[in-house]
Amino acid sequence: MRHDGLRRAAAGEGGGSSRHTDLPEGAPLDVVVLGLGEIGRLVAGHASRHPDLRLVGVVDPALAGTRLRELVAEAPNLVVEKDPAAVYRKARGGVALICTGSTLEAVAPAIEAAVGAGLHVVSTCEELAAPRFVDPELADTLDLAAKRSGVAILGTGVNPGFVLDRLVVTLGAVVGDVRKVEATRRVDLGTRRRALRKKIGLGLSLEEFEERGEAGELGHVGLSESCALVADGLGLTVDEVEEELEPVVAEREITLGDETIAAGRIRGLRQIARAFDEGREVIRLTLELAAGVTDPEDRIRVDADPPIELAIPGGIQGDRATAWAVVNAAPRVAAAEAGIIEVLDLPAGR
């Protein structure tokens, strides 16, 4: 695939009002969670414990009428709502934490509804991590809507949002010109949520993997977006981004919870995104998601002066870290300039 025009517009560029909130200084920030899948439930639980936030509503049509405490033990005893409109009215000036999808097109209506109701947005939507890279026209539409309402929009998580982009860019603060970046995230599926297993084709034959891969049904969303963020944050010129999928085949039978993967079947995938400057590879990001990984880790190499190599043995646990990334970003986003912002615009820390 080819993507041009990777440089992003600065947050707030072209005008726009500042924070929309009537909260008194020091008051907890009202938040609403949309989507109560596995990540959404973690977000609701984390938000319930965050000292600067107050969870005032949860929305999921599939679970409407259920008490949140039946799903998340530490959460307040709220009723899960079907329609967000009433919840938004009592959370105006707060933040909608949207955990409903991966693609910008799919999540855009929910973002527009929240923004129109006067709420800031933090979402796990992977494509929202670099929306102008994905769809400049739709990104501009959302940006304008946010500025009109005086609220901010952010897409974040552990990947994209931290390990393979923001953390990489942070390392660039102590080096000179960067020649090349290589970063790898190797994840053991035994430590991750069941829904993630479907994305990687667990248990398929090699032929089925290739067929579904060609149809765009497999793989992680957000790796090219991380390339765009890295290029932007390190000042690298990039004119093309390519992605490829490689199968990881089981050499022996593997048991993963209540699933058994026979030898010769797919136990995972390796996804690689490469960014080029006039044919020269300047960024290579590799994500390996597989069952039976014995040496999970996150590793970053920055070819610069001085060179840097950072390794995180075991890697950062993706599900819990994604939920904390969303929750910790909420107060920052509520204080940001109106419009679409990206994780590179956030201050360091919680």
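Model, not experiment: these values are computed from the prediction.

1. What to know about the overall build of the protein chain
Working step 1: A count of helices and strands for the protein chain gives 11 helices and 14 strands.
Working step 2: Relative to a compact globule of 350 residues, whose C-alpha radius of gyration would be 20 Å, the protein chain shows 20 Å and is just as compact.
Working step 3: Each principal axis of the C-alpha atoms in the protein chain carries an extent, and together these give about 55 × 50 × 35 Å.
Working step 4: Within the protein chain, counting contacts between residues at least 6 apart in sequence, those at least 24 apart form 72% of the total.
Working step 5: Of the roughly 15,200 Å² of accessible surface on the protein chain, a fraction of 47% belongs to carbon and sulfur atoms.

2. Here's the deal with the sheet that holds strand S3 (residues 95–98)
Working step 1: Pairing is parallel across the open sheet formed by 6 strands, whose spatial order is S2-S1-S3-S4-S5-S14. Pairing within the sheet leaves two strands with one partner each, and these edge strands are strand S2 (53–59) and strand S14 (339–340).
Working step 2: Bridging between strand S5 (residues 152–155) and S14 involves 2 bridges; their strand directions are parallel. When the sheet's bridge partners are listed, Ile 153 is paired in S14 with Ile 340.
Working step 3: The strands that helix H11 (residues 318–334) touches are strand S1 (29–34), S2, S3, strand S4 (120–123) and S5; relative to S4, the one it contacts most, it runs at about 155°.

3. Describing the pairing of strand S13 (residues 308–313)
Working note: regular strand, side chains alternate between the two faces of the sheet.
Working step 1: Judged from the 6 bridges that link them, strand S12 (residues 297–303) and S13 form a sheet pairing that is antiparallel. By the bridge assignment, Val 302 is partnered in S13 with Ile 308.

4. Side note on the packing of helix H1 (residues 38–49) against H11
Packed helix pairs are specified by the crossing angle of their axes together with the interaxial distance, meaning the distance between the axes.
Working step 1: Taken N-terminus to C-terminus, the directions of H1 and H11 make an angle of 50°; their axes are 9 Å apart at the nearest point. Here H1 is positioned oblique relative to H11, judged by the angle of their axes. For the crossing formed where H1 meets H11, the hand is right-handed. The residues of H11 that touch H1, namely those facing Ile 39, Leu 42, Val 43, His 46, Ala 47 and Arg 49, are Asp 319, Arg 320, Thr 322, Ala 323, Trp 324, Val 326 and Val 327.
Working step 2: Tallied by class, the residues present in the contact of H1 with H11 amount to 8 nonpolar, 2 polar and 3 charged.

5. Considering the pattern of salt bridges
Working step 1: On inspection of all chains with the given rule, the structure shows 20 salt bridges.
Working step 2: Residue Asp 143 is joined to Arg 132 by a salt bridge in which the shortest nitrogen-to-oxygen separation is 3.5 Å. You can see Asp 143 sitting in helix H6 (residues 136–149) and its partner Arg 132 sitting in helix H5 (residues 131–134), a full 11 residues away along the chain. As far as burial versus exposure is concerned, Asp 143 and Arg 132 are alike and both buried.
Working step 3: Residues joined by salt bridges that share partners form a network here, namely Lys 180, Glu 242, Glu 244, Arg 274, Glu 281 and Arg 284.

6. Looking at the environment of Val 282
Working step 1: Its location among the elements puts Val 282 in strand S11 (residues 280–290).
Working step 2: Judged by its relative accessible area of 1%, Val 282 is buried.
Working step 3: Remark: the alpha-carbon pair of Val 282 and Pro 51, spanning 231 residues in sequence, is separated by 41 Å.
Working step 4: Every residue in contact with Val 282, bar those within four places of it in the chain, is listed here: Arg 179, Lys 180, Val 181, Leu 236, Thr 237, Val 238, Ala 275, Phe 276 and Asp 277.

7. Here we look at the environment of Leu 167
Working step 1: Within the secondary structure layout, Leu 167 lies in helix H7 (residues 166–171).
Working step 2: A C-alpha to C-alpha distance of 25 Å links Leu 167 and Val 95, two positions 72 residues apart in sequence.
Working step 3: When neighbours within four sequence positions are excluded, Leu 167 is seen to be in contact with Phe 162, Ile 300, Leu 310 and Ile 312.

8. Quick notes on the packing of helix H4 (residues 104–116) against H6
Working step 1: At a minimum axis distance of 10 Å, the contact between H4 and H6 shows a crossing angle of 10°. By the criterion of interaxial angle, the relationship of H4 to H6 is roughly parallel. Note on element contacts: H6 touches H4 through Leu 138, Thr 141, Leu 142, Ala 145, Ala 146 and Ser 149, opposite Leu 104, Glu 105, Ala 108, Ile 111, Glu 112, Val 115 and Gly 116.
Working step 2: Class assignment of the residues belonging to the contact of H4 with H6 gives a composition of 8 nonpolar, 3 polar and 2 charged.

9. Considering the sheet that holds strand S7 (residues 240–249)
Working step 1: Strand order in the open sheet formed by 6 strands is S7-S10-S11-S6-S12-S13, with mixed pairing between adjacent strands. For this open sheet the edge positions go to S7 and S13, each flanked by a neighbour on one side alone. The sheet shows a mean angle of 10° between the axes of neighbouring strands, taken without regard to direction.

10. Quick word on the nonpolar core
Working step 1: Grouped together as the largest cluster of nonpolar side chains are 84 residues, with contacts concentrated most on Val 43, Leu 68, Leu 97 and Ile 283.
Working step 2: Setting aside residues up to four positions removed in sequence, Leu 97 forms contacts with Val 31, Val 32, Val 33, Leu 34, Val 43, Ala 47, Val 122, Val 326 and Ala 330.

11. Focus: unusual backbone geometry
Among all residues save glycine, negative phi is the norm, and among peptide bonds the norm is trans.
Working step 1: Note that the residue after Asn 159, namely Pro 160, is joined by a cis bond; omega there is 5°.
Working step 2: Within the fold, Pro 160 resides in the loop between S5 and H7.
Working step 3: Residues Asp 305 and Pro 306 are joined by a peptide bond in cis, for which omega reads 0°.
Working step 4: Tracing the backbone through its elements, the reader meets Pro 306 in the loop between S12 and S13.
Working step 5: Unlike most non-glycine residues, Glu 278 shows phi in positive territory, near 50°.

Procedures and definitions
Residues numbered from 1 in each chain as written. Predicted model: local features only at pLDDT ≥ 70, side-chain atom pairs only at ≥ 80, totals over all residues. Heavy atoms only, no water. Helix = DSSP H or I, 4+ residues; strand = E, 2+ residues; numbered from the N terminus. Rg over C-alpha atoms; globule rule 2.2 N^0.38 Å. Contact = heavy atoms within 4.5 Å. Areas by Shrake-Rupley, 256 points an atom, 1.4 Å probe, with all protein chains shown as cover. Pairing = 2+ DSSP bridges. Axes fitted to C-alpha atoms, helices over the stretch in contact; angles between N-to-C directions. Parallel < 35°, antiparallel > 145°, perpendicular 65-115°, else oblique. Left-handed = near helix turned anticlockwise from the far one by under 90°. Nonpolar A, V, L, I, M, F, W, Y, C, P; charged D, E, K, R; others polar. Salt bridge = Lys/Arg side-chain N within 4 Å of Asp/Glu carboxyl O. Buried < 20%, exposed > 50% of the residue type's maximum accessible area, 1.4 Å probe, protein only. Core = buried A, V, L, I, M, F, W, Y, C linked by side-chain atoms within 4.5 Å.

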